[in-house]
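Take a look at the letters that make up each chain.
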Amino acid sequence: MMDRGNGNGRSDLRIGVYVCHCGINIASMVDVKRVAEQAAAMPNVVVARDYKYMCSDPGQEMVQQDIRELNLNRVVVAACTPLLHEPTFRGACERAGLNPFFCHMVNIREHDAWVHEDREKATVKAIDLIRAAVRRVKHHKALERRTVPINPNVLVVGGGIAGIQAALKIASAGRHVYLVERELSIGGHMAKFDKTFPTLDCAACILTPKMSDVKKHPNITLWTYSEVDKVDGYVGNFKATVRRKPRYINEDTCVGCLECIDACVFKEPRFTDEYNEGLSKRKPMHIPFPQAVPQVTAIDPETCLRFKTGKCKSSCVTVCDRNAIDFDQKERIEEINVGAIILSTGFQTFEPKDRLPQYGYGIYDNIYTALEVERLVNSAGPTEGEVVLRDGSKPRAVGIIHCIGSRDTKSNIWCSRVCCMYSLKLAHLLKERTGAEVYNFYIDMRTPGKGYEEFYNKLLEEGVHFIRGKVGAVNDWAITPEEEGRLVIRVEDTLGGFVRRVPVDMVVLSTGLEPHKDAEDVRRKFNISCSPGGFFLERHPKLAPVETASGGIFLAGCCQGPKDIPDTVAQAGAAAAEALALIDKGVVELEPNTAFIDAESCSGCKSCLSLCPYTAISFIEAEKRAEINEALCKGCGTCVAACPSGSIIQNLFEDEEIFSEIAEVLSNG
Amino acid sequence: MANQEFEPRIVAFFCNWCTYTAADLAGVSRMKYASNIRIIRLMCSGRVDPQFVMDAFARGADGVLIGGCHPGDCHYISGNYKCLRRYHMLERMMADLGVEKDRLRLEWISASEGDKVKRVVNEMVEQVRALGPLDLPGRFADWDAEMRELDEKVQREHDGACEAHAAKETQS
Amino acid sequence: MQYSYYPGCSLKGSGRAYEESVLAVFDHLGIELKEIDDWNCCGATAYMSVDERRSFALAARNLAISERDMPESPMVVPCSGCYVTLNKTCHVVKDYPAIKDDVTKALDRAGLKWKNQVPVRHPLDVLMQDVGLDRIKEAVVKPLKGLKIAPYYGCQIVRPYAEFDHQIHPTSMDRMFEALGATVVHYPLKTKCCGGSMTGTAPEVGLRLVYLLLKEAAKREADLMATVCPLCQFNLDAFAKEAARAYGPVNMPVIYFTQLLGLAMGLSEEKLGLQRNIISAKNALKGAAAAAAR
């Protein structure tokens, strides 16, 4: 009905069809031999083969050899999703002298073998899809990739250890980096830790020199207390709008002497110190922590008298001989152009208060989250590393409960990967600092990492107790005199096969890692996707673990999924390398899937003009026709679908190509 | 149950960035769904030309499924909204043509929603199975036969009238 | 708004005080509870453990009658046992077509149709969500000042179906009693088992639980315990003496939350069935009132 004939009228089509077994991934559910036989009988097919691993070197070589020897001019590969190996097979065609866009992939793995259970039906489906592709490729054209110059600057969003590492690597390679951090200082979660597992080396000794390097590096522009508001453009040429929130201190003149904090009219710190997880107080004039970078104070307008009442003698101003205090500081908007973006926005820890009330957090004083305990054991923390409970006492027994907000359908289903190890670390530190009996309550101990199992064994030798079982509740219900006035942990000991009641004085909840609550907004801003749990989605878990589906946007650290510091640093390095590999080429190659208008048949109706979100379509008054600026076109095809005269053609997705597919997937039976 | 034997044929148009990727995820997660669906990849649901949908039905599809990014998530800013407008238009056209509502479906499925691909496909296959075959090509053939019959009948009547007229002429 | 009302066996027997107070409170708030016609056993305990399908059919008959006579009205079910059985039936029938078929067939023979459209609601749920604390506060004429209450929810109204409150840490009653002017005692055993039918079958388990619950409330200086379930109330009230004999002295009245609500709204003790308790709450109430007056 809708057959519009043969797009380019080639009569000498010579098609090769290649059916991949993918080991047994495809072959176990699709009769690949039969599929290849059927394909061989399809019109214009010169050769059809099946092979164990088409993407392997011999597989690709097979395609190349056929192109050369059998003069193939079209190639159809039925294998995995084109999102995975289309570049591979296009490359093979190119090496054999065939324009890469004469190659088309058929997805018989993700969309067929892996999702069906009936071998016959799956086989028929594969044949249908290949028939569609065989007819489709008839209409394929030789296309050229467009190249556009790339902006060599890189934007790194998030200044935790991941962002710091990525920024330093790129800057050291001689490229300019904009590092944007939402908080007042870079450092992220790692800056809050005292020690790191399994080596128990001091977190600050690893991190703070790197933070200082960031500040000093001539190739890094550091904007803290800033957020990316908007991102336009595409790979190689992004335009980002950064909002720099006022901290009411001039960053260029402040030298970080901290005199203003002493001078603040509040003689004693009175307000919740967010950096110390609420375990201490700060003044309205404050600096998050002594080693903060930049070493610049900030005023909290929510608590500062000058902002709240307008009446304050402002002794901070008097004492600052650099005149750095600026109550009138306004929000600033910066617009920057970059070629690549690395997202390293991190994670948030699970908040147990309302979500798992059975563990008593927020009900009983001496129940802490692990992050609070990190501050408590930190020599730069609120108690200078002395483990003192909220009531001033020292614990005789401590219970550490693993998997809070992890591995549970009621909270988060995933394993947060770091909790077992940091629980071991905290167990060691708490035992060392207090001499208390320490109990770990775990579901499974997960210590996969270099030196991790050894660390676990060391803890066992140190006399830390391990009880396998998911804790049911923590409360102050005492039955025996020993339990009076203490916290009682109730747990089914699954190794002993009975229920235990363990009285302790302090409970540590090993809270899991989850995506930031605004990860969804960030995802939209950068036009990337999320995994089912809400972490950012990598392009491929193994082949492209730091890329996203959006070209030029890379991931590093826990925003992509829970990981420990070694993995985060490694991934940040990889993201930096990817970004450098992209920008160092100088130009970026774009898919030629843009649209163009056939000047002859355009009726000048202007239907398409308002549809293009990129204003790539303009109207030539003199000729009464529309024209597409290929450089602006991103290749969505929305205008193509709307053109009443069928004058707009999208490369790689031409009407004839789609109609061919429709016709052939339905031509059977 | 009626139509137990009937296997519906569903053509799907999935956008590259969300729904096609979600279908990949369903595969990677080894979710199982009905094999009645044939997925055609487009860069954006905004590329879904209403003619694609009409053509699929005309060529024997029993159902057509369109999958795009959630509102606000379109990789191309607003292609999915354009798709939604066309979908509403198509809904009316299909109703006018007597094609049941459940045969055409638009779903927003993000890249993380592999389970939704499974659910939507299974649901749709069952709904369309319950409706039975649409078989527009068969109906076209019937209509064509009907038209031919009508043509022939008109021709016969015309011929008869001509003959009668000629006979009258000769008589006079 | 009108609700259908399913009392179940307890509220006509050992839990009469619950029925009296529920009806009195709802009536006072101007909410109509219409008892469904010709109801039967909810299908709990005995049936559920012997033959689930028969239990579902029994439950479904009550739901079908409610749906037939009052299709727009949710069904209010005060007894936790009934509440969970009826709720379970709705869920299971929705999720398992085979069971749905069986239940449909059974109902068919009784000449009933059931579309599974009647929500099963607990009075605590209706009072908190539909009536709301604001209206409850307005109705308070005798605030429960000085009264220290241990709120005890038992197991069944939040598990396995947490329809209106947290599964392990519910707070509906806590918030209600605060609104009535009472002091809510921190009571970590609020969803622990009351001993249930264990008091009959395994007294060493059941009685110990009864003792622990009462003892803990006393230890936390509660004047009384408030419950939402006739089975918990009966267990804790009737077996308290026996538990005390076995484990040690304890004296803790256990009354229904609706009785407290009624008292705060100025209804008579008589009308609310307070005289029916085995361990009387009257002294505790008087003592608290006197303490508040001082």
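For clarity, every value in this text was computed on a predicted model and none was experimentally measured. (Residues numbered from 1 in each chain as written. Chains lettered and ligands numbered in written order. Predicted model: local features only at pLDDT ≥ 70, side-chain atom pairs only at ≥ 80, totals over all residues. Heavy atoms only, no water.)

Draft legend 1. Structural detail: the interface of chain A and chain C. Counting residues at the interface gives 14 residues for chain A and 13 residues for chain C. Around 1100 Å² of area is buried between chain A and chain C when both sides are counted, 58% of it from carbon and sulfur atoms. On the chain A side of the interface with chain C, the three residues burying the most area are A:P357, A:Q358 and A:W477, jointly 45% of the side's total. The interface formed by chain A and chain C holds two salt bridges in total. Of the charged contacts in the structure, one is a salt bridge between C:K219 and A:E484, with a shortest N-O distance of 3.0 Å. There are five residue pairs in polar contact (both at pLDDT 80 or more) connecting chain A and chain C. (Contact = heavy atoms within 4.5 Å. Buried area = accessible area lost by both parts, 1.4 Å probe. Salt bridge = Lys/Arg side-chain N within 4 Å of Asp/Glu carboxyl O. Polar contact = N/O pair within 3.5 Å; in protein donor to acceptor, adjacent residues only side chain to side chain.)

Draft legend 2. Expanded view of the pairing of strand β6 (residues 154-157) of chain A. Residues and elements named next belong to chain A. Along β6, one buried face is formed by V154 and V156 and the opposite face, lined by L155 and V157, is buried too. Where β6 lies against strand β7 (residues 177-180), four bridges are found, and the strand directions are parallel. Opposite V154, over in β7, you have V177 as the bridge partner. In the classification by handedness, the crossover that spans β6, the intervening helix α6 (residues 161-172) and the parallel β7 is right-handed. (Buried < 20%, exposed > 50% of the residue type's maximum accessible area, 1.4 Å probe, protein only. Helix = DSSP H or I, 4+ residues; strand = E, 2+ residues; numbered from the N terminus. Pairing = 2+ DSSP bridges. Right-handed = clockwise from strand over helix to strand, strands pointing away.)

Draft legend 3. Up close: the interface of chain B and chain A. Taken together, the 55 residues of chain B in the interface contact 58 residues of chain A. Contact with chain A buries area across many residues of chain B, yet B:R38, B:R47 and B:R59 alone supply 16% of it, more than any other trio. Linking chain B with chain A are six salt bridges. Ionic pairing is found between B:R38 and A:D128, a salt bridge with its closest N-O pair at 3.0 Å.

Draft legend 4. Fine view of helix α13 (residues 257-264) of chain C. All names here are of chain C. Across the eight residues of α13, eight count as buried, placing the element largely inside the fold. When α13 is considered as a whole, its buried residues turn out to be F257, T258, Q259, L260, L261, G262, L263 and A264. Residue G266 follows α13 closely and has a positive phi angle near 90°.

Draft legend 5. The arrangement of the state of the cysteines in detail. Under the definition given, this model contains one disulfide over all chains. Bridging B:C18 to B:C69, the disulfide has an S-S length of 2.5 Å. For the disulfide bridge between B:C18 and B:C69, the dihedral angle about the S-S bond is near 105°, and by the sign convention the bridge is right-handed. Here B:C69 lies in the loop between β3 (63-68) and α3 (79-96) and B:C18 lies in the loop between β1 (10-15) and α1 (19-28), a separation of 51 residues in the sequence. According to the relative accessible area criterion, B:C18 is buried, its value standing at 5%. Judged by relative accessible area, B:C69 falls into the buried class, the value being 3%. Cysteine A:C55 shares no disulfide, and the gap to the nearest cysteine sulfur, in A:C20, comes to 5.9 Å. You can call A:C55 partly exposed: its relative accessible area is 32%. With no disulfide partner, C:C194 has as its closest neighbouring cysteine sulfur the one in C:C232, 3.9 Å distant. (Disulfide = S-S within 2.5 Å.)

Draft legend 6. Structural view of the nonpolar core. If you look at the biggest cluster of nonpolar residues, it comprises 105 residues, and the most contacted ones within it are C:L124, C:F177, C:M225 and C:L260. Here C:L260 is in contact with C:L144, C:L147, C:I149, C:F177, C:L180, C:L224, C:A226, C:I255 and C:L285, once residues within four sequence places are set aside. A:V63, A:L143, B:A56 and B:W108 belong to the second largest nonpolar core, which has 101 residues in total. (Core = buried A, V, L, I, M, F, W, Y, C linked by side-chain atoms within 4.5 Å.)

Draft legend 7. Structural context of empty space enclosed by the protein. Inspection of every chain in the model, using the stated rule, returns 10 cavities of 30 Å³ or more. In this structure, the largest cavity occupies an estimated 220 Å³ of space. As for the largest cavity, its lining consists of 19 residues, and the residues nearest its centre are A:H104, A:M105, A:E661, B:Y20 and B:I39. Breaking the lining of the largest cavity down by element, the ones donating at least two residues are α3 (82-95), β4 (103-107) and α5 (119-137) of chain A together with β2 (37-42) of chain B. When residues of the lining of the largest cavity are assigned to their parent elements, the largest contribution, five residues, is made by α5(A). Grouping the constituent residues of the lining of the largest cavity by class yields 11 nonpolar, three polar and five charged. (1 Å grid on protein atoms, 1.4 Å probe; cavity = no way out; pocket = protein on both sides within 12 Å on 5 of 7 lines; lining within 4 Å. Points joined across faces, edges and corners; volume = space filled by probe spheres on them. Nonpolar A, V, L, I, M, F, W, Y, C, P; charged D, E, K, R; others polar.)

Draft legend 8. Just the confidence of the model for chain C, in detail. This prediction gives chain C a mean pLDDT of 94; 100% of its residues lie at or above 70. Both confidence scores are given for the complex: pTM 0.87, ipTM 0.90. (pLDDT = per-residue confidence, 0-100.)

Draft legend 9. View of the environment of A:Q295. All names here are of chain A. Looking at where Q295 falls in the secondary structure, it is placed in the loop between β15 (285-286) and β16 (298-299). Here the alpha-carbon distance between Q295 and N527, two residues 232 residues apart in the chain, equals 34 Å. Once residues within four sequence positions are removed from consideration, Q295 is found in contact with C254, V255, G256, L258, I287 and P290. At 3.0 Å, the side chain of Q295 and the backbone oxygen of P290 are in polar contact. A polar side-chain atom of Q295 sits 3.0 Å from the main-chain carbonyl oxygen of A292.

Draft legend 10. Structural context of unusual backbone geometry. Across the junction of A:F197 and A:P198, the peptide omega takes the value -10°, indicating a cis bond. Here A:P198 is to be found in the loop between β8 (195-196) and β9 (201-202). In this model, C:R159 is joined to C:P160 through a cis peptide bond whose omega is 0°. The topology assignment puts C:P160 in the loop between β5 (148-152) and α8 (172-179).

Draft legend 11. Examining the domain arrangement of chain B more closely. All names here are of chain B. Looking at the assigned domains, one finds that chain B contains domain 1 (2-134) and domain 2 (135-172). Distance between the C-alpha centres of domain 1 and domain 2: 43 Å. Counting residues at the interface gives seven residues for domain 1, matched by five residues for domain 2. Together domain 1 and domain 2 conceal approximately 500 Å² of surface at their shared face, both sides included; 57% is due to carbon and sulfur atoms. Our count for the domain 1 to domain 2 interface comes out at zero salt bridges. Across the domain 1-domain 2 interface, the total number found is two residue pairs in polar contact (both at pLDDT 80 or more). (Domains from an automatic or database assignment.)

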